[in-house]
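Residue-level listing of the chains:
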Amino acid sequence: MQTPEQDSFLAAPSAPSVKIFGVGNAGDALLGALARAEFAGAQFLAVNADAAALAASSATVKINLESKLMRGLGSGGDPERGRALAEEQFSTLKSACEGANVVFILAGLGGGAGSGISPVLAKAAREAGALVLAFVTLPFECEGNRREAQALAALEQLKSAADGVICLPSQKIFKLIDENTSLVETFKFTGGFLVEGVRGVWQLISRPGLIQVHFADLCALIRDRHAENAFCFVEASGPGRAREVVEKILAHPLLDEGRALAESDAVLVSLTAGKDLSMAEVNRVMESVKRQCSHAQIIMGAGVDAALKEKLGVTVIAAKHGSQPATAPTSVTARTTETRTANAVAAHREAALPRTRTRKTGSKAVQGQLPLNIVSKGRFDKSEPTKHNGEDLDIPTFIRRGVPLN
Amino acid sequence: MFDDSNIIAGLEIGTSKICVVVGEQNADGALNVIGLGQARSRGVRKGEIINPEQVEEDLRAAMFEAEQMANVEIRSVYLGVSGGHIRGFNNRGVHPVVSADREISPDDVDDVVKNAKAINLPAENTVIHAVRQHFFVDGQDGVTNPVGMLGARLEVDMHVIHGHANRLQNVIRLVRATSLDVDEIVFNGIATSLALLTGEQKELGALVIDIGGGTTEYVVYSDGVIRHSGVLAVGGDHVSNDLAYGLKVHLSRAEKLKIEYGCAMPTDAAKGQTISITNELGLELKRVNVEHLQRIMHLRLQEIFQLIAQELEAVGLTDYLRAGVFLCGGGSRVPGSVQLAENVFQMNVTSGHAGGVSGLTTALDQPEFATAIGLVKFGSLKNRKRNELPFYKKGFLGRLTQRS
């Protein structure tokens, strides 16, 4: 499944050249949050439809998709507009991607720019010959179902356009923060997770490995798995760091407390530590991961980075095959798909429901009501309904039993 | 406060009426009903308060009437509670007998009862009653008092009735607001069965169904102990509501029709019969088909009985009801309800009367007052027991009512 471009990349002896795109306001913020020092050699680019926001961005290259059409007001939360803008300037985007082996796209889905531009950018980058990895966040539930629907639709498009999508449903963050966390901190926190993921992947491909994870491995892992990829990055230090790392992985909310591992088809584990990384530690981590996902194909990597000193960092990417063929064209509409994202979002909403892999219902689980004539409950209309085995006993018996009166 | 007084009052805040019964206990413990007060209840739905102010007003009216009649001042009441949130279930406690001689001591009994009360309730729920059923000594069934027996393992079955703490507190607070004390809260079903059943009937096995305005309580006794209890938040109000809906008349008119023409079994005589509804000037507004009226009522009441029958079938108690079914509450006044219950339960059904108390015969004969009378009876039993208890245990009865 390798394209010629990737072959040429793999043949390249030097470290891959990486471009990191922040799309939309959220993407910009994420871009800003990435610690530059760690990404030596990467180029940062901001893409936005909002000139004002773009001006404030710290990215080295700024691409403004502004057009007269929008009168400088941005995409206005409408992904269709964002998409139209991006397609209008497709060549600009493509040329911006030229020369990169890997393109990272950071975006917050749900709004206009992130949802609209990202898929087009991914397509452009791919056409420019780069491998495209998208790191996106899904909106919080409270942001409304329109944003959620837009985000899910955009995620779908992105999955078909990019080589890999790593997605973080923000709602999962709720488990991690306490009630008093401010909004700003929450978003920072969400962003922090994504940044960790980017850093993990970055390290994976940029650092020399004792047990090398080939770039091809990464591609093979995340490509064609058009279900959501779950990822996490954990760090620990000290003598018991291997055990601590395992515990953290298994308790990590982004992996659904380890359930994502059990459900995945392929898992990539990459360990990075200082020079004192021992075989026993590697073994310990790998054993525990393997036990969690006995069916999955496991790719492991281990690297040494003197800068880490005492710390042991582990990046885990768990991917699951969707039931759809990878090449299936994805419609632009908010078609509901069988994704773990949808699952995860739904699972948050209805914790009581058993986790099912095949949820064909809409992204928003709304109880539909058939247009039958509704029986008034008279004086019990406003009181707590008396339910018995699913029957509402407040409704007259003769109606529930269908006894005719004539 | 009550130790020096022998006046006991029972208060039932029902969906259709608020009812106070005042009893006097003589030195032998025998109970004499001396006062009765009632008022139409307007602030209650399905056994639960929805308008405290209105309930308070009605409550004061009922209390006033009862005090007038009995010529006493009521300072505290036994309060009956009901509502769809109340549930009953059985729980078993286990306790190993550790003494060297394996003789079961009263302490062992206390411990096993404590164990049986340690149950997993939802956080917002509180226990209303925990009624001891039977002890098991090394698996031997049916022991009523194990003290002094030899055994290694003592078990006890408890019937625990619990309900939503806040909703129970609401009623208690409301009664307190009228400067009345609440001696204890009692599940209406238990009060009713106290009034209705004799010891012998409890021994044989009996089902008591109290069809009230907003709720229907049911309690099953067998072998002298309470086996099962529950509340259906369906009652006479539902019958009226069904009629109002089915016959397309006002709720108050439906209520009147129910009382005047109601019947639990469809009768042949009703075929083709109509009732004309007239306005205040005597002009006919509408004609109502009696057959329809009866059919609607029949279906609703039948459903209530069927739901209870299914419930008992599920817990396997149907075959233990050798004394039969006892009906009371306003719903049992509907002509044909006994026959309908007989059809559903396939056993002997009696319209219950409060027994074991003397006094106002008019009050005792009414099925609606069974609960309030039962509350007084409950109080008299507690009083009697309290007088036998050492002083330091007297306080614990008000455990739940003390919280506010």
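This one's a predicted model, so the numbers in the text were calculated from it and none came from an experiment.

### Thoughts on helix α10 (residues 241-250) of chain A
Residue and element names in this part refer to chain A.
- Burial in α10 covers these residues: R241, A242, V245, V246 and I249. All buried residues of α10 project into a common sector of 140 degrees when viewed along the axis, lining one side.
- Here the buried face of α10 lies against β8 (230-236), α12 (279-292) and β11 (312-319).

### Topic: the pairing of strand β2 (residues 17-25) of chain B
All names here are of chain B.
- Counting buried residues along β2, eight of its nine residues qualify, which places the element largely inside the surrounding structure.
- Looking at chain direction, strand β1 (residues 7-13) and β2 are connected through seven bridges and run antiparallel. Among the inter-strand pairings, A9 is bridged to a residue of β2, identified as V22.
- As paired elements, β2 and strand β3 (residues 31-40) share nine bridges and run antiparallel to each other. Residue pairing for β3: G23 is matched across the bridge by V33.
- The turn joining β2 and β3, which pair antiparallel and follow one another in sequence, is formed by five residues; a positive phi near 95 degrees is taken by G29.

### A look at the sheet that holds strand β19 (residues 358-359) of chain B
Residue and element names in this part refer to chain B.
- In spatial order, the strands read β11-β6-β1-β2-β3-β19; together these six strands make up an open sheet with mixed pairing. Among the strands making up the open sheet, the edge pair consists of β11 (181-187) and β19.
- Across three bridges, β1 lies against strand β6 (residues 76-81) in parallel orientation. Note on β6: the bridge partner recorded for L11 is L79.
- Contacts between helix α3 (residues 165-177) and the sheet are confined to β1, β6 and β11, with β6 contributing the most and set at about 150 degrees to the helix.

### Describing the interface of chain B and chain A
- Listed as interface residues are 20 residues of chain B and, on the opposing side, 15 residues of chain A.
- Mapped by element, the contributors of at least two residues to the side of chain B that touches chain A are α6 (236-247) and α8 (290-315) of chain B.
- Looking at the side of chain B that touches chain A, its residues break down into eight nonpolar, five polar and seven charged.

### With respect to the sheet that holds strand β1 (residues 18-23) of chain A
All names here are of chain A.
- Reading across from one edge, β3-β2-β1-β4-β5-β6 is the order of the six strands in this open sheet, with parallel pairing throughout. Pairing within the sheet leaves two strands with one partner each, and these edge strands are β3 (61-64) and β6 (164-169). For this sheet, the mean inter-axis angle between neighbouring strands, taken without regard to orientation, is 20 degrees.
- As judged from the seven bridges shared by strand β4 (residues 102-108) and strand β5 (residues 131-138), these two strands associate in the parallel manner. Bridge assignment links I105 to a residue of β5, and that residue is A134.
- Along the sheet face, helix α2 (residues 24-33) touches β1, β2 (42-48), β4 and β5 and points at about 120 degrees away from the line of β4.

### Some thoughts on the packing of α2 of chain A against helix α6 (residues 113-127) of chain A
Residue and element names in this part refer to chain A.
- One can describe the packing of α2 onto α6 by two numbers: an axis separation of 7 Å at closest approach and a directional angle of 75 degrees. Classed by the angle they form, the pair α2 and α6 counts as roughly perpendicular. Contacts between α2 and α6 pair G24, N25, A26 and G27 from the former with A113, G114 and I117 from the latter.
- Taken together, the residues of the contact of α2 with α6 sort by class into three nonpolar, four polar and no charged.

Cut-offs used in this document
- Residues numbered from 1 in each chain as written.
- Chains lettered and ligands numbered in written order.
- Predicted model: local features only at pLDDT ≥ 70, side-chain atom pairs only at ≥ 80, totals over all residues.
- Buried ≥ 20, exposed ≤ 12 C-beta atoms within 10 Å, placed from the backbone.
- Helix = DSSP H or I, 4+ residues; strand = E, 2+ residues; numbered from the N terminus.
- Arc of directions from axis to C-beta.
- Contact = placed C-beta atoms within 7 Å.
- Pairing = 2+ DSSP bridges.
- Axes fitted to C-alpha atoms, helices over the stretch in contact; angles between N-to-C directions.
- Nonpolar A, V, L, I, M, F, W, Y, C, P; charged D, E, K, R; others polar.
- Parallel < 35°, antiparallel > 145°, perpendicular 65-115°, else oblique.

Such coordinate-based values are descriptive only and should not be taken to indicate function.
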